[in-house]
Amino acid sequence: MPIAAVAALGVGGLGGSEGSAHATTSRSAPPDRLAPIHGPYRPRIDPANFVAVIDNTWFPLKPGTGFHYRGVAEDGTTPQRDDMVVTHRHKRIMGVRSTVVRDTVSSHGHAIERTFDWYAQDKAGNVWYMGELARELHHGRFVKADDSWQGGVNGAQPGIIMPAHPRRDDQYRQEYYPGFALDQARVLGGGGAVKVPAGSFKHTLLTVETAPKLDPGVAERKWYVAGVGDVWEHTVRGNHEQIKLVRITH
């Protein structure tokens, strides 16, 4: 769907019936039970409970779609570009067929980070983050980042990147790799109207992401639009990094 058309759509109350086809036909436990942020963590991953497409209202990943962002790095001044492309490739993780997303971060026209992220959606509509392979530029060559992880390998476990029906104050673990990747999120509610280079949106979903055990001083807010996905990311504590959606390609 062209982004101009999406921008004109109204978004209902959070947790309503605007979820994906899978989310509206299958009940799901709340995200704080599926991916709790406290206590021992080993989510139940049953390959039979996952579907082939990712059509969550707030985090749709249609193969061939490109999300292109522009913004600034952690210092608040260095220009930064982020190009995220949903590939037609898949990777089997913990028995689950996961969609491969290629994410390239560039600065001054040169790539500085290249990442493959892996996502999968369960029958209820929750989108799970199954892992990532990140490579960062060091002394002219790309090397594997320490926080790369894959569900089921070396103690790492998947988390939820977006619930089927996000509700205010939902909290959930997004990734679990002790010592390296422990991001978690909380739904703050409606984010109000947002204007980014890609368009103006009257209704958004607002979340905040933190990693208290690894980066206690950092908090990042993200605004999502129904039918589009992530349109704005802004670190509100810890540094000055932010990116905004510039365009979507197909």
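All values derive from a computational prediction rather than experimental measurement.

## Quick look at the packing of aromatic side chains
Part 1 of the argument: Under the criterion given, the structure shown has 6 aromatic pairs.
Part 2 of the argument: Note on tyrosine 41 and tyrosine 176: the rings are 5.2 Å apart at their centroids and 55° apart in plane angle, and the pair reads as tilted. One end of the pair, tyrosine 41, is in the loop between α3 (31–34) and β1 (50–51); the other, tyrosine 176, is in strand β11 (residues 175–176), with 135 residues separating them in the sequence.
Part 3 of the argument: The partly exposed category is assigned to tyrosine 176, whose relative accessible area is 21%.
Part 4 of the argument: Taken together through their ring pairs, the aromatic side chains of Phe59, Tyr119, Tyr129 and Trp149 make up a single cluster.
Part 5 of the argument: Positioned above the aromatic ring of tyrosine 41 is the side chain of arginine 173, whose terminal nitrogen or guanidinium carbon lies 5.1 Å from the ring centre.
Part 6 of the argument: Positioned above the aromatic ring of tryptophan 232 is the side chain of lysine 244, whose terminal nitrogen or guanidinium carbon lies 4.9 Å from the ring centre.

## Some remarks on the pattern of salt bridges
When charged atoms on two side chains of opposite charge get close, those side chains can pair.
Part 1 of the argument: A complete count under the given rule lists 6 salt bridges for this structure.
Part 2 of the argument: For arginine 44, the salt bridge goes to aspartate 46, with nearest N and O atoms at 3.9 Å.
Part 3 of the argument: What makes arginine 44 exposed here is its relative accessible area of 72%.
Part 4 of the argument: In this structure, arginine 186 and aspartate 169 form a salt bridge, with 3.6 Å as the shortest nitrogen-oxygen distance. A residue pair is termed long-range when its members are at least 10 positions apart, and arginine 186 in strand β12 (residues 184–190) and aspartate 169 in the loop between β9 (157–162) and β10 (171–173) qualify at 17 residues.
Part 5 of the argument: Overall, the relative accessible area of 33% leaves arginine 186 in the partly exposed class.

## Notes on the side chain of glutamine 80
Part 1 of the argument: Looking at the secondary structure, you find glutamine 80 in strand β3 (residues 79–93).
Part 2 of the argument: Of the residues examined, glutamine 80 reaches a relative accessible area of 12% and is grouped as buried.
Part 3 of the argument: Only 2.9 Å separates the side chain of glutamine 80 from the side chain of glutamate 241, close enough to count as a polar contact.
Part 4 of the argument: Those residues in contact with glutamine 80 that lie beyond four places of it in its chain are Tyr69, Arg70, Gly71, Val72, Ala73, Val105, Ser106, Ile112 and Glu241.

Each value, and the rule that gives it
Residues numbered from 1 in each chain as written. Predicted model: local features only at pLDDT ≥ 70, side-chain atom pairs only at ≥ 80, totals over all residues. Heavy atoms only, no water. Phe/Tyr/Trp six-rings, centres within 6.5 Å; stacked < 30°, edge-to-face > 60°. Helix = DSSP H or I, 4+ residues; strand = E, 2+ residues; numbered from the N terminus. Buried < 20%, exposed > 50% of the residue type's maximum accessible area, 1.4 Å probe, protein only. Lys NZ or Arg CZ within 6 Å of the ring centre and 35° of its normal. Salt bridge = Lys/Arg side-chain N within 4 Å of Asp/Glu carboxyl O. Polar contact = N/O pair within 3.5 Å; in protein donor to acceptor, adjacent residues only side chain to side chain. Contact = heavy atoms within 4.5 Å.

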